[in-house]
Amino acid sequence: MSSANPEFTPRAIILGLIIGCLLCFTNLYFGLQTGWISMMSLQSAIIGFLISKLLAVPITPQETVVVQSTAVATGTMPLTAGFVGIIPALSLLDEQKDGSRALTLTWTSAVGWSCAIAYFGVFMSPPIRKRVIVDEQLAFPSGTATAQVISVLHNMPLANPRQPPGHGYRPLAIQDEEPSPPVDLVDDSEDPETEINEVVKNNAWSTLAWSFLVSGMLALVAYFFPVIFALPLFGGYLARHWLWTFTPSLSYVGQGIIMGFPTTLSMNLGMLVGWGFLSPLSKYYNWAPGPVGDMTTGARGWILWTSLAIMSSDCLVALIPVTWESAKRLVVGRRVDGDGTGHDSEVETNDRLVPTRWVLWGIGCSTTAGILIVWLIFRREGIKPWATLLSFVLGTLLSILGVRALGETDLNPVSGLGKISQLLFAVIQPGNVVANIIAGGVAEAGAQQAGDLMQDLKTGHLIQASPRAQFYGQLIGSTVSIPVTVTAFVLYNKAYTIPGPTFPAPMAYVWLCLARLLRDGSLPEKSAVFMFSSAIVFAFISAFKTHASRRGLWYAKWIPSGVAFAIGFLNTPAFSLARLVGGIVEYIYHTSHSSGGKTGDIRLILIASGFVLGEGVTSVVCLVLRTLGVGIVSCWGCNFGMCGGCPS
């Protein structure tokens, strides 16, 4: 890092932490509701840039990258540390079914658990960066898209990744075969950078502010009048008995805009199959005799098994070509090194890189501390230190596969990677549900964190930001996020039942159901037939989609995504339908109003970000109100059969 152009600055870190803490609360809120969170990397960069405009001297492009890296490390901790899945799953344990009592972590224990897994992925990132970003130059479409936006905001070209720092910038030609970024950044206007700067200067704050306020106000009104977020759009009967409601939540509309139309379409196809066909089928034949929404005896719990099969099949098949190519590259790399023809393609100077000794000490210390902390917290439940060590080793291998898949397809198959770990530990430590869930969580945490941070490192590579500055930001963000995430979860858990009506935590049941299946082999009636058939079908679909994506075929994005399809099973129709609205908005804009170019793209990103953050921040206000005993104002709607179910 040159002192003439500092990158790791207090203002960059503070901005990143402020944005990251907002994202942390937001991701925890939405993750507990639906199991889906967003990195918000692109949005963090834009919001950080906007806030810096209020300063005497705006931040530099490289500082923007540090802001984004810090924010992402802070904001994604709810998923990395398992607070949207693993921790709620442990609270659902039943001694008769699982051989272990329910585990509810105290604030101190939850902080310890988070510390055990919060740093492993950060220390793994520098050597993985060297391989997949510098040497192989994988696409990482979201990271590339973020770099493009930062370059436009700061009126600078992207740097040639092969050109050492200090020799100036020259434009980087993005190859045509790379997957298209989620937001179209191509523009034919004569001076798009000037146009963007005018938009940012004149309209950006107002766009972000009104979308934030409208979403927040709607969420606050819905807190007092729950019927607003549970509209019986398809009639009272379907709402009351089959959970077919619609939530006009602008936050989920914003998520749909960010996801894009193809992903939301896959999600809603899954919703139609799961909630429109399999749910009534299981109820009609009495395979799921309980209430439809019951996760144990009802249709919602029954279709979860099919969702699990689809998710696992899709991720495993998608990893096959990545695993094969990784093995080939490893063999070829060794031959090249042995012949003496290998060369170092690193473009950064040593003072800007993370030293190897830091990486080795960091991995060693974080692993050792993680093993000790996990043993201290869960030792009574039978988790063995050697099993935790093995889960860290497995996490390293799975992280490499996940990062490579992310770099090529922009999808991190962490859900499938966690299931692989659970399958292996069913053999290594059979019959122990706690060990199965914890080991899977440790392995998934490394893969999740390494993948998210790699997108940021790709952005930094193209903007020529210091990898060491990003590393500092990631460490600080992860550290600050631990008490923030734990405190938020503890407060939510005191104010609401988790899992419960407001926060069903669907991913908790995915983890627990697979662990129980691997323990006793029991499945709900007839679910095995649908699990097997759907796994086979989506194995072929995933293979076809992977083949099309790797060849850059235009229709690849329209082939259903197995993970998104499965999420449509896990979430009630209300959430999937709201996301579909956002996906349709995004599609209509980019097909019918593309003349707006980058100007419109920036506005659309800001509107979606405001929608998501508005309800996310308001959820904190609602949490305070509920803690103080301030409840709903009216149950109107429920009295007349108009409300599909009061979440309060």
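What you see is a predicted model, and the numbers here were worked out from it, not measured in a lab. Going along each chain's sequence as written, the residues are numbered from 1 onward. Where local features are concerned, this predicted model is filtered to residues with pLDDT of at least 70; where side-chain atom pairs are given and counted, the filter is 80 or more; whole-chain, interface and lining totals use all residues. With hydrogens and water excluded, all non-hydrogen atoms of the structure serve as input to the side-chain values.

Asks: Which residues make up helix α1 (residues 10-34), and what are the values?
Replies: Here α1 is 25 residues long and its end C-alpha atoms lie 35 Å apart, about the 36 Å a rise of 1.5 Å per residue gives. Residue exposure (1.4 Å probe, protein chains only): buried if accessible area is under 20% of the type maximum, exposed if over 50%, otherwise partly exposed. Comment: elements are numbered from the N terminus, with helices defined as DSSP H or I runs of at least four residues and strands as E runs of at least two. With 18 of its 25 residues buried, α1 lies for the most part within the structure. One or two positions beyond α1, positive phi appears at Gly 35, with a value near 85°. To estimate the expected span of a helix, subtract one from its residue number and multiply by 1.5 Å.

Asks: Could you give an account of the confidence of the model for the protein chain, with specific residues and numbers?
Replies: Each residue gets a pLDDT score, which is the predictor's confidence in that residue and runs from 0 to 100. Of all residues in the protein chain, 83% attain a pLDDT of 70 or more, and the chain-wide mean is 81. Mean pLDDT across the elements of the protein chain bottoms out in helix α10 (residues 192-202) (55) and peaks in helix α14 (residues 261-284) (94). Working rule for contacts: check all heavy atoms of both residues, and any pair within 4.5 Å makes them a contact. For the stretch residues 334-342, pLDDT sits under 50, and the model shows three contacts to residues farther than four places along the chain or on other chains. Note on residues 639-645: pLDDT under 50 across the span, and 16 contacts to partners over four residues away in sequence or across chains.

Asks: Provide a residue-level description of the nonpolar core, including the pertinent values.
Replies: In this text, buried Ala, Val, Leu, Ile, Met, Phe, Trp, Tyr and Cys residues form a nonpolar core when linked through side-chain atoms within 4.5 Å. Counting 141 residues, the largest nonpolar core has Ile 46, Trp 113, Phe 378 and Ile 438 as the members making the most contacts within it. The biggest single contributor to this core is helix α19 (residues 433-463), with eleven residues. For Trp 113, the residues in contact, after removing those within four places along its chain, are Ala 81, Ile 87, Leu 105, Ile 373, Val 374, Ile 377, Phe 378, Ile 438 and Val 442. Grouped together as the second largest cluster of nonpolar side chains are twelve residues, Leu 319, Ala 387, Ala 405 and Leu 417 included.

Asks: Go over the side chain of Arg 516 with me, naming the residues and quoting the values.
Replies: Assignment of secondary structure puts Arg 516 in helix α21 (residues 506-520). Of the residues examined, Arg 516 reaches a relative accessible area of 19% and is grouped as buried. When residues no more than four places from it in sequence are discounted, the contact partners of Arg 516 are Leu 92, Asp 94, Lys 97, Asp 98 and Gly 521.

Asks: Tell me about the state of the cysteines, and name the residues and values.
Replies: Two cysteine sulfur atoms make up a disulfide if the distance between them is within 2.5 Å. In this structure the tally under the stated criterion is zero disulfides. For Cys 21, which is in no disulfide, the shortest distance to another cysteine sulfur is to Cys 24 and amounts to 6.6 Å. Residue class for Cys 21 comes out partly exposed when judged on its relative accessible area of 22%.

Asks: So, a nonpolar patch on the surface: which residues are in play, and what are the values?
Replies: Residues forming no salt bridge and having over 30% relative accessible area are the ones grouped into patches, like charges within 9 Å of each other and nonpolar side chains (Val, Leu, Ile, Met, Phe, Trp, Tyr) within 5 Å. Using a 1.4 Å probe, the Shrake-Rupley method yields the accessible areas, and only the shown protein chains count as cover for residues. Salt-bridge detection follows one rule: a side-chain nitrogen of Lys or Arg within 4 Å of a carboxyl oxygen of Asp or Glu. Taken together, the side chains of Trp 386, Leu 389, Leu 390, Val 393, Leu 397, Leu 424, Val 427 and Ile 428 define a hydrophobic patch exposed on the protein surface, amounting to about 710 Å² of accessible area. For the nonpolar patch, the elements supplying multiple residues, two or more each, are α17 (385-409) and α18 (414-428). Here the element with the most residues in the nonpolar patch is α17; it accounts for five residues. Inspection of the secondary structure puts Leu 397 in helix α17.

Asks: Explain unusual backbone geometry residue by residue, including any values.
Replies: For residues other than glycine, phi is negative in most cases, and the peptide bonds are mostly trans. Cis peptide bonds are those with omega within 30 degrees of zero, and the linkage from Ile 498 to Pro 499 qualifies with -5°. With respect to the helices, strands and loops of the structure, Pro 499 is situated in the loop between α20 (467-495) and α21. The phi torsion at Leu 243 lies on the positive side, around 65°, for a residue other than glycine. Looking at where Leu 243 falls in the secondary structure, it is placed in the loop between α12 (236-242) and α13 (250-259). Not every positive phi belongs to a glycine, and Asn 286 is a case in point at roughly 65°.

Asks: So what about the environment of Trp 275? Which residues, and what values?
Replies: With respect to the helices and strands, the residue Trp 275 is situated in helix α14. In sequence terms Trp 275 and Leu 243 are 32 residues apart; their C-alpha atoms lie 8.6 Å from each other. A polar contact is formed between the side chain of Trp 275 and the backbone oxygen of Gly 568, at a distance of 3.4 Å. Here a polar contact is recorded for every N or O atom pair within 3.5 Å, except that within protein the pair must consist of a potential hydrogen donor and a potential acceptor, and residues adjacent in sequence are included only if both atoms are side-chain atoms.

Asks: Break down the packing of helix α8 (residues 120-135) against α20 for me, with residues and values.
Replies: All axes are obtained by fitting lines to C-alpha atoms, using only the stretch in contact for helices, and the reported angles, taken between N-to-C directions, cover 0 to 180 degrees. Between α8 and α20, the least distance of the axes is 10 Å, while the angle of their chain directions is 155°. The orientation of α8 relative to α20 falls into the category roughly antiparallel. Taken as a pair, α8 and α20 cross one another with a handedness that is right-handed. Taken together, the residues of α20 that come into contact with α8 (itself represented by Val 122, Phe 123, Pro 126 and Arg 129) are Pro 467, Phe 471, Gln 474, Leu 475 and Ser 478. In this count, Pro and Cys sit with the nonpolar residues alongside Ala, Val, Leu, Ile, Met, Phe, Trp and Tyr, while Asp, Glu, Lys and Arg are called charged and the others, Gly among them, polar. Tallied by class, residues from the contact of α8 with α20 come to six nonpolar, two polar and one charged. Should an angle fall under 35 degrees it is called roughly parallel, over 145 degrees roughly antiparallel, and 65 to 115 degrees roughly perpendicular, with every other angle called oblique. Rotating anticlockwise by less than a right angle from the far helix to the near helix defines a left-handed crossing, while the corresponding clockwise rotation defines a right-handed one.

Asks: How would you summarise the pattern of salt bridges if you had to cite specific residues and measurements?
Replies: Two side chains with opposite charge may pair up if their charged atoms get near one another. In total, this model carries three salt bridges according to the counting rule given. Between Arg 11 and Glu 63 there is a salt bridge; the shortest N-O distance is 2.8 Å. Of this pair, Arg 11 sits in helix α1 while Glu 63 sits in helix α3 (residues 61-75), and the two are 52 residues apart along the sequence. Residue class for Arg 11 comes out partly exposed when judged on its relative accessible area of 27%. Two residues, Arg 516 and Asp 98, come together in a salt bridge whose shortest N-O distance is 2.8 Å. You can see Arg 516 sitting in helix α21 and its partner Asp 98 sitting in helix α6 (residues 95-98), a full 418 residues away along the chain. Each member of the pair, Arg 516 as well as Asp 98, is classed as buried.

Asks: Tell me what's going on with the side chain of Thr 64, and back it up with residues and numbers.
Replies: Examined against the element boundaries, Thr 64 turns out to sit in helix α3. Of the residues examined, Thr 64 reaches a relative accessible area of 1% and is grouped as buried. Beyond its immediate sequence surroundings of up to four residues, Thr 64 is in contact with Ala 45, Ile 59, Ile 150 and His 154.

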